[in-house]
Amino acid sequence: MRPTGHAVLCRLASAASERAEHLSIRHRVFVDEQAVFAESDLDSRDSEDSTIAVLGYSDGIAVGTVRLFLVEPDAGRWQGDRLAVLSAYRTHGVGAPLVRYAVATAAVRGGRTMAAHIQPANVTFFERLGWARVGETEIYAGLPHQPMSIDLPTRGEGLATVRRLEGGINGRGL
């Protein structure tokens with residue numbers, strides 16, 4: 001892939017203002033733009049302290065987000081969801097780093113696999129990132145989604161990826 005020329009970085013949304021940006025981006029994409037949810041995409045995961053929110057920045061502006069959470073502690077199984085990039089920034093190369101950051105973060109925290117429900121239009125994007133289809137398309141959040149999963153890297157590899165993405169990359173260079 002060619003670099004886009006935009007500086008992209010990812011980091012955990014820890015501060016209250018960052019969490020608000022995370023939720024705002026999700027609302028703009030899933031409620032306002034895509035109408036996946038009628039009024040709000042918030043669910044019980046958002047009130048759990050263990051749920052991790054990640055922000056993706058393009059040229060210093062928060063333009064994308066993803067969240068992840070542990071679903072099966074004994075199996076080291078995580079779930080990623082609510083991947084959202086504001087429409088004006090979808091060509092800035094933010095989506096792939098967000099997915100890679102989520103995968104790496106789960107690995108750093110001892111995860112072995114990650115699952116996600118992917119909108120059909122995004123399946124090829126996830127396959128390019130190493131994800132595999134699991135079973136048939138199913139209804140998730142009222143719309144068709146493809147269950148997918150990925151084996152997580154080692155903790156050391158995950159840590160290296162997290163550090164690299166927190167430091168920033170130029171365009172789609174990862």
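Please refer to the structure placed before this passage.
Quick notes on the rules
Residue positions are given per chain, counting from 1 as you read along its sequence in written order. Where local features are concerned, this predicted model is filtered to residues with pLDDT of at least 70; where side-chain atom pairs are given and counted, the filter is 80 or more; whole-chain, interface and lining totals use all residues. Each side-chain value is worked out from all heavy atoms of the structure, with water and hydrogens disregarded. Secondary structure elements are defined from DSSP: runs of H or I of at least 4 residues count as helices, runs of E of at least 2 residues count as strands, and each element is numbered from the N terminus. Relative accessibility decides the category of a residue: with a 1.4 Å probe and only protein chains considered, values under 20% of the type maximum give buried, values over 50% give exposed, and everything between is partly exposed. The method behind every accessible area is Shrake-Rupley, applied with a 1.4 Å probe, and residues are considered shielded solely by the protein chains displayed. We treat Lys and Arg as the positive residues and Asp and Glu as the negative residues; His and chain ends play no part in the count. To locate a charge, the coordinates of NZ of Lys, CZ of Arg, CG of Asp or CD of Glu are taken. By convention in these notes, a salt bridge is any Lys or Arg side-chain nitrogen within 4 Å of a carboxyl oxygen on Asp or Glu.

Draft legend 1. Fine view of the overall build of the protein chain. Of regular secondary structure, the protein chain possesses four helices and nine strands. Listing each helix as α and each strand as β along the protein chain from the N terminus yields β-α-β-β-β-α-β-α-β-β-β-α-β. If one aligns the C-alpha atoms of the protein chain with their principal axes, the spans along those axes are about 35 × 35 × 35 Å. Put simply, the protein chain has 174 residues, and 44% of those count as buried. Accessible surface, the protein chain: about 8,700 Å² in total, of which carbon and sulfur atoms supply 51%. Distance between charge centroids for the protein chain: 7 Å, based on 19 positive and 20 negative side chains.

Draft legend 2. The pattern of salt bridges, seen in detail. This model, assessed by the stated rule, comprises 13 salt bridges. One salt bridge connects D41 with R82, and the closest N-O pair in it is separated by 3.1 Å. Separated by 41 residues along the polypeptide, D41 in the loop between α1 (16–33) and β2 (52–58) and R82 in strand β4 (residues 77–85) bring together distant segments of the chain. The class of D41 is buried, set by a relative accessible area of 2%. The class of R82 is buried, set by a relative accessible area of 10%. The shortest N-O distance in the salt bridge between R133 and E127 comes to 2.7 Å. The exposure class of R133 is partly exposed, given its relative accessible area of 49%. A cluster of three or more residues bridged by salt bridges with shared partners is formed by R26, D41, D43, D46, R67, D81 and R82.

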